[in-house]
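Working through the structure, step by step
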Amino acid sequence: MFNCIPLWRCNRHVEVIDYRHRSLLYVPDEIFRYGRSLEELQLDANQIRQLPKSPVRHGSRTAENKTSRTLFLELFQLLKLRKLTLSDNEIQVLPPEIANLMLLVDLDVSRNDIYEIPESISHCKALQVADFSGNPLTRLPATFPELQSLVCLSINDISLQRLPDDFGK
């Protein structure tokens, strides 16, 4: 039987994390331990308001506190991520760093408070399924037609005023 010795960095290969219905207020730090292997992240039905997109500092770098550190909590540096589900949260902004997730195939940000989809989403060339339903969106980005792999777009219960030029061509 194999026992995990912490020095060998065991359990670093995790492909799926399911943190649905946990009353989370933020994206937990431990998710970022699996950045080299994580392919599916489910954070639905929580109370997350903001997605980490810039370095977050834990502790302070003072002479008294030599054990403190800076953690780079970049959700958008999980470069192997293929499925990201964030439905039923309180997210207001989908950051332009979404463009970093070039292998993303399935994105569900339905039932949030997102008012705008960043133009940079067009860099998610592998995106096949996207659900933006139930957000206060009034437009899709002009670059949206560049998502050539997209086969399923859910935009129910939003107030689109118009579609981008070249949409559906």
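Rules of the game
Here the residue index of a chain counts from 1 through its sequence in written order. Only residues with pLDDT of 70 or above have their local features reported here, since the model is predicted, and side-chain atom pairs are shown and tallied only from 80 upward, although totals for entire chains, interfaces and linings are computed over all residues. Side-chain calculation: all heavy atoms of the structure are included, whereas hydrogens and water are not. What counts as a helix is a DSSP run of H or I of at least four residues, what counts as a strand is a run of E of at least two, and both are numbered from the N terminus. Burial status follows relative accessibility: with a 1.4 Å probe on protein chains alone, a residue under 20% of its type maximum counts as buried, one over 50% as exposed, and anything between as partly exposed. Each accessible area is a Shrake-Rupley estimate made with a 1.4 Å probe; only the visible protein chains count as cover when residues are assessed. Only one rule defines a salt bridge in this text: a Lys or Arg side-chain nitrogen within 4 Å of an Asp or Glu carboxyl oxygen. The pairing criterion is simple: DSSP has to find at least two bridges between the two strands. Axis definition: a line fitted to C-alpha atoms, limited for helices to the stretch in contact. Angles are taken between N-to-C directions and run from 0 to 180 degrees. For this analysis, residues touch if any pair of their heavy atoms sits within 4.5 Å. To pair, rings of Phe, Tyr and Trp, with the six-membered ring standing in for Trp, must have centres within 6.5 Å; the planes then decide the type, stacked if under 30 degrees apart, edge-to-face if over 60, and tilted in the middle. Remark: nonpolar core denotes a set of buried residues (Ala, Val, Leu, Ile, Met, Phe, Trp, Tyr, Cys) joined through side-chain atoms within 4.5 Å. pLDDT measures the predictor's confidence residue by residue and takes values from 0 up to 100.

Under an unreviewed UniProt entry, the name given to the protein chain is Leucine rich repeat containing 1, and the organism recorded is Oryzias sinensis.

1. Looking at the overall build of the protein chain
Check the secondary structure of the protein chain and you find 0 helices and 8 strands. Expressed as a percentage of the 169 residues in the protein chain, the buried residues total 41%. Accessible area of the protein chain: about 10,200 Å², with a carbon and sulfur share of 49%.

2. Regarding the pattern of salt bridges
Counted under the stated rule, the structure contains 7 salt bridges. In this structure, aspartate 88 and arginine 111 form a salt bridge, with 2.8 Å as the shortest nitrogen-oxygen distance. Here aspartate 88 is found in the loop between strand E5 (83-85) and strand E6 (106-108), whereas its partner arginine 111 is found in the loop between E6 and strand E7 (129-131), with 23 residues between them in sequence. The salt bridge involving lysine 125 is made with glutamate 146; its shortest N-O contact spans 4.0 Å. Of this pair, lysine 125 sits in the loop between E6 and E7 while glutamate 146 is found in the loop between E7 and strand E8 (152-154), placing the two residues 21 residues apart along the sequence. Through salt bridges with shared partners, a single ionic network connects Glu116, Glu119 and Arg139.

3. Description of the sheet that holds strand E2 (residues 40-42)
Pairing between the strands of a sheet comes from backbone hydrogen bonds, and it takes one of two forms, parallel or antiparallel. Taken in spatial order, the 6 strands of this open sheet run E1-E2-E5-E6-E7-E8, and their pairing is parallel. Both edges of this open sheet fall to strand E1 (16-18) and E8, since each of them pairs with a single strand only. Here the average twist between neighbouring strands, direction ignored, is 5 degrees. As paired strands, E5 and E6 are joined by 3 bridges and run parallel to one another.

4. With respect to unusual backbone geometry
In the Ramachandran plot, serine 23 falls in the positive-phi region, its phi being about 60 degrees despite a non-glycine side chain. With respect to the helices and strands, the residue serine 23 is situated in the loop between E1 and E2.

5. Some points on the environment of aspartate 108
Its place among the elements puts aspartate 108 in strand E6. Once the C-alpha coordinates of aspartate 108 and phenylalanine 132 are considered, the two residues, 24 residues apart in sequence, prove to be 6.6 Å apart. With near-sequence residues (within four places) excluded, aspartate 108 lies in contact with Asp44, Leu84, Thr85, Leu86, Ser87 and Asp131.

6. Description of the packing of aromatic side chains
In this description, an aromatic ring pair is defined by two values, namely the gap between the centres and the angle between the planes. Enumeration over the complete set of coordinates arrives at 2 aromatic pairs. Taking the centre distance of 6.3 Å and the plane angle of 25 degrees together, the rings of phenylalanine 144 and phenylalanine 167 count as stacked. With a gap of 23 residues between them, phenylalanine 144 in the loop between E7 and E8 and phenylalanine 167 in the segment after E8 connect regions that are remote in the sequence.

7. A word on the nonpolar core
One finds Ile31, Leu41, Ile121 and Phe132 to be the most contacted residues of the largest nonpolar core, which totals 38 residues. With sequence-adjacent residues up to four places away left out, leucine 41 is seen in contact with Ile17, Ile31, Leu75, Leu78, Leu81, Lys83, Leu84 and Thr85.

8. Looking at the confidence of the model for the protein chain
In the predicted model, the protein chain carries a mean pLDDT of 84, and the fraction of residues at 70 or more is 81%. Low pLDDT, under 50, characterises residues 1-7; the stretch is placed with 5 contacts to residues that sit more than four places away or in other chains. Taken as a whole, residues 56-73 scores under 50 in pLDDT and shows 24 contacts with residues more than four places along the chain or in a different chain.

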